[in-house]
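Understanding the architecture of this molecule
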Amino acid sequence: MLTPKKSLLLVLPTHYGTDGKLLTVKKASLNLNLSLPTLASLTPPDWEVRIVHDYMHPVDLETPGDLVAMTVLTAPSSRAYELADQFRARGRKVVFGGFHVWARPDEAAQHADAIVIGEAEDLWPAVLDDFLAGRLKDRYVSAGPVSLAGRPAPRYELVDKRDYKVEVYPIESSRGCPYNCDYCAVTAFHGGRHRLRPVGDVLRNIRATGSRYIAFADDNLCADRDHALEMFRELAKLDIRFMAQSTMYIADDPELLDAAIKGGLRMLWVGVESIQPEALDEVHRRINQVEEFGRRIEEFNKRGLLVGTNLIFGFDHNTRETFDATYDFLMSHKVFPFLYILTPVPGTRLWDRIKGEGRLLSEDWRQYTGYDVVFQPKNFSPDELRDLYFKTVARLFSVRNNLRRHAPRIQWHNLKETFFTQVAGFAVATQVGYAARHRIPEYW
Ligand code: B12
Ligand code: SF4
């Protein structure tokens, strides 16, 4: 007789927006979550696995699942705790993992039957075995950076494609980052090591998606030049289109940049973070040379790339003038800006400093979205900073500015070619602009 399969419910919790309401959307633009398809791929085949994205399908507490596991970042942690408490009140066992659990293990442990600190690869099968044997431990701690070689392909088929406007598959070619900026949790979490996946494994994963559209989840795709170049040359044989994050240094290396584009790079995210050198020094972001920004962005623009730039407001060196100067800079370079309010996330050096200086105003994680002010800024009141931020985003993403940025690059006679970047970019930009104008939570 066949034993019935055990079932595992994997949950991506949503978060609360700046309006205090739980954020739910009918459809989001892109699925970039890789944690749950990865966890599913590490789960033995005798388990039935289901993935729920709470953003589109607020979790039904009656959903079957002998075991419930959630991935927990800081902003969605309040929602994760709420859901876990309700599941546990119904007698269900809950396991947590992810960055917030690593940063705040004692807090997370109050809401779960077990927590996993660090990477899942070498621990997850043991957690499941312990659950089946009725001896789940309170805490599992990863022994250190795992090897990325020979890992199975993430199980994307468990994510409902209909929840997303553009079909794109997140893939990793490396983990960690060789740099160590004060506001970033990556280097501390990954133990300061930048690890590579063999190029053959990456290609195998890409082929397994059956899609041409890929988003690299790496923090810095080109941190290892030889690995990146080898991969780009192989990608060129697959006829795919991809988006990725890299430092701006790739602009200074035409051989690498051209190989990336030949391999299918169409949208590049770079961390500008601030156009003020003093602000970058303040958070020990030593890799950006402000005087080179314009030239480097032009290298990307002249090759037809859509350039997404992350920028942060709220540094001690920011003044009211910073907002207008940043607006002018971004408009003159026609980049696709993503703007955040500086947020001291637990587990980072920025958190230690702000807390140590007595400037932390809130430890309510619902506010840790990057769109709210949780610490006392130096040159503004929290309300002023919030106000200037929202006004700048709304200005940058006005319908007119969106059109000015995207329309010239759309090849109307060949929408298929530009769909992935310009048309999808335009769709995201419209959503961000709307959210900023109405000051409602944003999930793209
Ligand atoms: C892709 C990405 C996104 C995507 C998708 C996010 C998502 N929820 O999946 C998007 C663009 C939507 C996004 C948004 C944000 N992000 Co983000 N993002 C990333 C990025 C670059 C890659 C994540 C990834 O796919 N990694 C690969 C997977 C396989 O690794 P993983 O998720 O860490 O999972 C492993 C372990 O952590 C563990 N694990 C994870 N979950 C679980 C669960 C269980 C049960 C177990 C056992 C184990 C386990 O096992 C996995 C395998 O080893 C990371 C940086 C990074 N290097 O991780 C930042 C990062 C996760 N993001 C971060 C932040 C701050 C944000 C935003 C707040 C930014 C903003 N202001 O908008 C929002 C918050 C979104 C939200 N509401 O959750 C921070 C998180 C810090 C924190 N403590 O929360 C990170 C670490 C970046 C940083 N510089 O510090 N992000
Ligand atoms: S370069 Fe990017 S990923 Fe690396 S430490 Fe700085 S912010 Fe984090």
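As the structure is a computational prediction, the values presented were derived from the model and not from experiment.

The next thing to look at is the overall build of the protein. Helix and strand counts for the protein come out as 16 helices and 16 strands. Relative to its length of 444 residues, the protein is compact, with a C-alpha radius of gyration of 22 Å against a globular reference of 22 Å. Its C-alpha atoms give the protein principal-axis dimensions of about 70 × 55 × 40 Å. Buried positions account for 59% of the 444 residues belonging to the protein. Of all intrachain contacts in the protein linking residues separated by at least 6 positions in sequence, the fraction that spans at least 24 positions is 73%. Roughly 18600 Å² of accessible area belongs to the protein as shown, and the carbon and sulfur atoms make up 52% of that amount. Distance between charge centres in the protein, computed from 57 positive and 58 negative side chains, equals 4 Å.

Hydrogen bonds between backbone groups are what pair the strands of a sheet, and the pairing can be parallel or antiparallel. A sheet is described by the order of its strands in space; here six strands give the open sequence E9-E12-E13-E14-E15-E16, paired in parallel fashion. Strand pairing shows two members of the sheet lacking a second neighbour, strand E9 (169-171) and strand E16 (336-341), which therefore form its edges. Adjacent strand axes in the sheet meet at a mean angle of 20 degrees when their direction is disregarded. Examined bridge by bridge, E9 and strand E12 (residues 213-216) share three bridges and lie parallel to one another. Within the sheet, the bridge partner assigned to isoleucine 171 lies in E12 and is phenylalanine 216.

Inspection of the secondary structure assignment puts threonine 63 in the loop between strand E3 (47-53) and strand E4 (67-71). A polar contact of 2.5 Å, which involves the side chain of threonine 63, links it to the backbone oxygen of aspartate 60. Leaving out residues up to four positions away in the same chain, threonine 63 has contacts with Leu9, Arg50 and Arg92.

Residues of helix H15 (residues 399-406) that are buried include every one of Asn401, Asn402, Arg405 and His406, and no others. Relative to the axis of H15, the buried residues are bounded by an arc of 115 degrees and lie together on one face. Residues of H15 that are exposed and point over 90 degrees away from its buried face: Val399 and Arg400.

Right, let's get into the site of ligand 1. In the vicinity of ligand 1 lie 40 residues, with Asn33, Tyr55, Glu121, Asp219 and Thr369 positioned nearest. At a separation of 2.7 Å, a nitrogen atom of ligand 1 approaches a polar side-chain atom of threonine 71. At 2.6 Å, a side-chain N or O of glutamate 121 approaches an oxygen atom of ligand 1. Of all the secondary structure elements, the ones that give two or more residues to the shell around ligand 1 are helix H1 (35-41), E4, strand E5 (93-97) and helix H6 (186-189). Split by residue class, the shell around ligand 1 holds 23 nonpolar, 12 polar and five charged. Shared between two domains, the shell around ligand 1 holds at least three residues of each, these being domain 1 (6-141) and domain 2 (166-438).

Within the structure, ligand 2 sits among Cys177, Tyr179, Asn180, Cys181, Tyr183, Cys184, Thr187, Asp219, Arg285 and Ile287. Of the residues assigned to the shell around ligand 2, the class counts are six nonpolar, two polar and two charged.

Moving on, we get to the pattern of salt bridges. Under the definition given, this model contains 41 salt bridges. Arginine 90 is paired through a salt bridge with glutamate 62; the nearest N and O atoms lie 3.2 Å apart. Taken together, the positions of arginine 90 in the loop between helix H2 (77-89) and E5 and glutamate 62 in the loop between E3 and E4 put the pair 28 residues apart, joining distant regions of the chain. Residue classification places arginine 90 among the partly exposed positions, given a relative accessible area of 45%. For glutamate 62, a relative accessible area of 56% corresponds to the exposed category.

Taken N-terminus to C-terminus, the directions of helix H8 (residues 225-235) and helix H9 (residues 254-263) make an angle of 35 degrees; their axes are 7 Å apart at the nearest point. By crossing handedness, the relation of H8 to H9 is classed as left-handed. Here Arg225, Ala228, Leu229, Phe232, Arg233 and Leu235 of H8 come into contact with H9, specifically with Glu255, Leu256, Ala259, Ala260 and Gly263. Among the residues forming the contact of H8 with H9, the class breakdown is seven nonpolar, one polar and three charged.

This part is about the nonpolar core. Counting residues in hydrophobic clusters, the biggest one holds 77 residues, and the most contacted among them are Phe216, Phe232, Leu235, Phe242, Phe300 and Leu339. Ranked by residues supplied to this core, first place goes to helix H14 (residues 382-396) with seven residues. With sequence-adjacent residues up to four places away left out, phenylalanine 232 is seen in contact with Leu221, Cys222, Phe242, Leu256, Ala259, Ala260 and Gly263.

For the rest of this paragraph, the subject is the side chain of aspartate 163. Within the fold, aspartate 163 resides in the loop between strand E7 (139-141) and strand E8 (164-166). Here aspartate 163 occupies a buried position and makes no salt bridge, while the nearest side chain of opposite charge, arginine 162, is found at 6.3 Å. Leaving out residues up to four positions away in the same chain, aspartate 163 has contacts with Lys26, Lys27, Ala28, Met56 and His57.

The rules we used
- Residues numbered from 1 in each chain as written.
- Chains lettered and ligands numbered in written order.
- Predicted model: local features only at pLDDT ≥ 70, side-chain atom pairs only at ≥ 80, totals over all residues.
- Heavy atoms only, no water.
- Helix = DSSP H or I, 4+ residues; strand = E, 2+ residues; numbered from the N terminus.
- Rg over C-alpha atoms; globule rule 2.2 N^0.38 Å.
- Buried < 20%, exposed > 50% of the residue type's maximum accessible area, 1.4 Å probe, protein only.
- Contact = heavy atoms within 4.5 Å.
- Areas by Shrake-Rupley, 256 points an atom, 1.4 Å probe, with all protein chains shown as cover.
- Lys, Arg positive; Asp, Glu negative; His and termini not counted.
- Charge placed at Lys NZ, Arg CZ, Asp CG, Glu CD.
- Pairing = 2+ DSSP bridges.
- Axes fitted to C-alpha atoms, helices over the stretch in contact; angles between N-to-C directions.
- Polar contact = N/O pair within 3.5 Å; in protein donor to acceptor, adjacent residues only side chain to side chain.
- Arc of directions from axis to C-beta.
- Near = heavy atom within 4 Å.
- Nonpolar A, V, L, I, M, F, W, Y, C, P; charged D, E, K, R; others polar.
- Domains from an automatic or database assignment.
- Salt bridge = Lys/Arg side-chain N within 4 Å of Asp/Glu carboxyl O.
- Left-handed = near helix turned anticlockwise from the far one by under 90°.
- Core = buried A, V, L, I, M, F, W, Y, C linked by side-chain atoms within 4.5 Å.

On their own, these measurements won't tell you what the molecule is for.
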